[in-house]
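# Geometric and topological summary
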Amino acid sequence: MQPQGDAAGATAETGLRDRKKARTRQAIRAAGLDLYEEQGFERTTVDQICRRADIAHRTFFRYYASKESLLFGVDFGERILDEFAAAPAELDLWDALLHAVSRTDGTLEEPTEHTVRRRALRRRFMGIRTVHDHAVQLLDKLVQRTVETAAARLGADLDQDLRPHALGAVLGAMTRRRVLHGVEEDVPMDAWWEAFRRLMPPPGDPRR
C-alpha cells in the first residue's frame, strides 16, 4: 500500500533530506581527499575543506568529528558488529562472526567511489601521530564492542569468561593488520582461525 496524504508528504520530505545529507557528506569527503592529495594532510585545514566544499564551518562537524575521520568510513566496523549481534542465536561465536562477515563482505567502511583513494591516503599518512591515534581509537572501540556483543550472545560474565576477550583479540589483530599496517589483501577468516588453532597446545598437553 502506498503512503497517502500527510504520510506520503513526510516520506518524501525524509527522502529529500536524506539525499541532501548524502550529497553534503560526499562534497566534504571529496574536498578533503582532493586537498590531502594536493598538499598533504598536515597542511590541510578544516577551513580549507569547508571552502572547497562550499559549506559553513559548523556544517563540517555535523558530519565528521575531525579531519582525521575523513580517512575512515562512517561508523567504521559497525555494520559487521550489527550483523554479529543479530546473527542466529544458535551459532557459536566464531560462526556468528563468519555470518556477519559474509553478510557484509567483510567491509569495515561504507563503500563509496572514494574507498580506494581513502585507503591509499590512510597508508600514506598513517605515520602522522594524529592519524595513527585516531585509528587506534577506532580499533579500541571496535574491539570493545566485539567483546561486549560476544558476552551478550553468551550471557557471560566478562570478569569470569575469557571467550569474548579472545574473540575481540582476534578481530582486533585482523583489523590492526589492515588499518595500521596497510595490508589490505583479504585473508579468509578461516585462515586466521587455523593460525590461532595451530598456536594451541596439542591434545594431552598439560597446558590445554
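Conventions used here
- Residues numbered from 1 in each chain as written.
- Predicted model: local features only at pLDDT ≥ 70, side-chain atom pairs only at ≥ 80, totals over all residues.
- Heavy atoms only, no water.
- Helix = DSSP H or I, 4+ residues; strand = E, 2+ residues; numbered from the N terminus.
- Polar contact = N/O pair within 3.5 Å; in protein donor to acceptor, adjacent residues only side chain to side chain.
- Contact = heavy atoms within 4.5 Å.
- Patch = residues over 30% accessible without salt bridge, like charges linked within 9 Å, V, L, I, M, F, W, Y side chains within 5 Å.
- Areas by Shrake-Rupley, 256 points an atom, 1.4 Å probe, with all protein chains shown as cover.
- Salt bridge = Lys/Arg side-chain N within 4 Å of Asp/Glu carboxyl O.
- Buried < 20%, exposed > 50% of the residue type's maximum accessible area, 1.4 Å probe, protein only.
- Phe/Tyr/Trp six-rings, centres within 6.5 Å; stacked < 30°, edge-to-face > 60°.
- Lys NZ or Arg CZ within 6 Å of the ring centre and 35° of its normal.
- pLDDT = per-residue confidence, 0-100.

### Re the side chain of R145
Inspection of the secondary structure assignment puts R145 in helix α7 (residues 129-154). A distance of 2.5 Å separates a polar atom in the side chain of R145 from a polar atom in the side chain of E78. Discounting residues that sit within four places of it in the chain, R145 has contacts with E78, L81 and D82.

### Quick word on a nonpolar patch on the surface
Together, W193, F196, L199 and M200 give the surface a local cluster of nonpolar side chains, amounting to about 420 Å² of exposed area. Within the secondary structure, M200 sits in the segment after α9 (189-199).

### Points about the environment of R29
In this structure, R29 sits in helix α1 (residues 5-39). Note on R29: relative accessible area 6%, which makes it buried. Distance from R29 to I49, taken between C-alpha atoms, is 8.7 Å for residues 20 residues apart in sequence. Not counting residues within four places of it along the chain, the set of residues in contact with R29 comprises Y64, L70, E110, T112, H114 and R118.

### Focus on the packing of aromatic side chains
Summed over the entire model, instances satisfying the criterion amount to six aromatic pairs. The interplanar angle of 50° and the centroid separation of 5.1 Å between the aromatic rings of Y36 and F41 together place this pair among those described as tilted. Each of the two residues, Y36 as well as F41, counts as buried. Geometrically, the ring pair formed by Y36 and F125 is edge-to-face, given 6.2 Å between the ring centres and 85° between the ring planes. Residue Y36 is located in helix α1, and its partner F125 is located in helix α6 (residues 115-125); the two are separated by 89 residues in the primary sequence. Each member of the pair, Y36 as well as F125, carries the same accessibility label: buried. Members of the aromatic cluster, joined through ring pairs, are Y36, F41 and F125. Over the ring of F41 we find K67; its NZ or CZ atom is 4.4 Å from the centre of that ring.

### Regarding the confidence of the model for the protein chain
Summary statistics for the protein chain give a mean pLDDT of 87 and a share of 88% for residues scoring 70 or more. No element of the protein chain has a lower mean pLDDT than α9, which averages 76, and none a higher one than helix α2 (residues 46-53), which averages 98.

### Section: unusual backbone geometry
Of note in this structure, D54 is not a glycine but carries a positive phi near 60°. Considering the arrangement of structural elements, one finds D54 in the loop between α2 and α3 (57-63).

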